[in-house]
Amino acid sequence: MLTRTQSASPDTQPHMSLKVYINGRLVDKDDAKVSVYDHGLLYGDGVFEGLRSYGGRVFRLERHLDRLYESARAIWLEIPIKPAELAKAVNDTLRANALEDAYIRLVVTRGAGSLGLDPNRTSDPQVIIITDKITLYPAELYERGLEIVTASTIRNHPAALSPRIKSLNYLNNILAKIEGLQAGCIEALMLNTKGEVAECTGDNIFLVRDGVLLTPPLDAGILEGITRDAVIELAHEAGVEVREIPLTKHDVYVADECFLTGTAAEVIPVVKVDGRSIGPGVPGPLTRDLRERFHKLARS
Ligand code: PXG
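Here the structure is a predicted model, which is why all the values come from computation and not from measurement.

About the thresholds
- Residues numbered from 1 in each chain as written.
- Predicted model: local features only at pLDDT ≥ 70, side-chain atom pairs only at ≥ 80, totals over all residues.
- Heavy atoms only, no water.
- Near = heavy atom within 4 Å.
- Polar contact = N/O pair within 3.5 Å; in protein donor to acceptor, adjacent residues only side chain to side chain.
- Areas by Shrake-Rupley, 256 points an atom, 1.4 Å probe, with all protein chains shown as cover.
- 1 Å grid on protein atoms, 1.4 Å probe; cavity = no way out; pocket = protein on both sides within 12 Å on 5 of 7 lines; lining within 4 Å.
- Sits in = over half its atoms within 2 Å of the grid points.
- Helix = DSSP H or I, 4+ residues; strand = E, 2+ residues; numbered from the N terminus.
- Nonpolar A, V, L, I, M, F, W, Y, C, P; charged D, E, K, R; others polar.
- Pairing = 2+ DSSP bridges.
- Contact = heavy atoms within 4.5 Å.
- Axes fitted to C-alpha atoms, helices over the stretch in contact; angles between N-to-C directions.

Caption draft 1: Examining the site of the ligand more closely. Residues in close proximity to the ligand total 20 residues, the closest being Arg 105, Tyr 170, Glu 199, Thr 227 and Thr 263. In the model, a nitrogen atom of the ligand is placed 3.0 Å from a nitrogen or oxygen of the Lys 166 side chain. Between a nitrogen atom of the ligand and a side-chain N or O atom of Glu 199, the distance comes to 2.7 Å. Isolated, the ligand exposes 540 Å² of accessible area, and the fraction of that covered by the protein chains is 89%. Its atoms largely coinciding with the cavity grid, the ligand occupies the largest pocket. When residues of the shell around the ligand are traced back to their parent elements, those giving at least two are strand S5 (102–109), helix H6 (226–237) and strand S15 (257–262). When grouped by side-chain class, the residues that make up the shell around the ligand number 4 nonpolar, 10 polar and 6 charged.

Caption draft 2: How the structure looks around the sheet that holds S5. The strand order across the open sheet built from 6 strands is S2-S1-S8-S5-S3-S4, with neighbouring strands paired in antiparallel fashion. Every other strand in the sheet has two partners, leaving strand S2 (25–28) and strand S4 (57–58) as the edge strands with one partner each. Each of strand S3 (46–54), S4 and S5 touches helix H2 (residues 61–74); the most contacted strand, S3, lies at about 175° to it.

Structure representation (C-alpha cells):
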C-alpha cells in the first residue's frame, strides 16, 4: 500500500519525493531505513498506530498518541520524545508532503541491538512517521456491504499478550486475515479463547438487535478502537442505547444489522457472516445513520 511513488501534485511536481520522518529528520522515502539488527524487525518488538487526516486535520490525534504511549509503556519501551513533539512532527510531515486526506503510520521500534531477545542490549528506539495518500475501500462495498467469515485463528489470549497493545507483532491478526482472504473476504471475524466474538483483524464489530447497539466489551480481548469509541459517542448522541456485552456467533447470526469500525474503514456494513445473511442482507438503517454521522464528525 505504501510502495507507490507518491507526489502531492503529480502534474506540477513530478519529481517531488515523499518525505518520511525518522528520528527528528525528514528524509526521502528511499532513504528512510532502519538497521537489520532492529528488534522491531528481529522480534516484532515495537508499537504502532494507524491514523487518518481529513482536510489536513488528523482525526483524534491526541487519542492515538495516548494509545501509542500506553502501548509503549506496556512493553517497557520509552519513546524518546514527548507526545507534543510527536504531534508536531505528524503535522509537519503531512505539510512537507502537501497531504490533506492521508493515511498516517506511526511506528516506534525497540532499536538496533544484539541477536538476542534482551531489550536492554538495544539502543536508540526508532521513531518513524509515514504519511501517504489514503487508499479507500471501494465505494460499492459501503453500498452493498461486506461478507465476512469467522476465522479458526483465535484472538491472542489477553493474559499472554494484551490485544490492547498495538504491537509490531500482528501475526495473530494476519493469520486470521489469510483465512478471510482464502474465503474471498477482506475481513475475518475473530473469537476469543472463550469462544466469544472479539473483533475483526483490523476492525471492531458492532451488532444491532431490536434498535439496541451491541459490541463486545474491552475484556473480550480487543483493541480499544478509536473509531469504536467515536461510534459509541455518536450512538449516545442519537439516543441509541449501547450495550458492551459478551457476544457469541449466535448473536451475530440473528442480528438485525452488523457493521465494522476502524480508522481505514470508518463504518462499513456487513451483510453476510459465514454464509448467513444478516437481517434482510442489505445495510441497515442504523448502520447507515452512524456511518453518515461518523463521516460528518471526521470531516467537521
Ligand atoms: N482492532 C484491531 C485489531 C485493529 O488493529 C481496530 C480494531 C480499529 O481501531 P481504530 O482505532 O483504527 O478504530 C484496529 C485498527 C493498517 C491499519 O494499516 C490497521 C488499523 C488501523 C489503521 C490502519 O492495517 N487497525
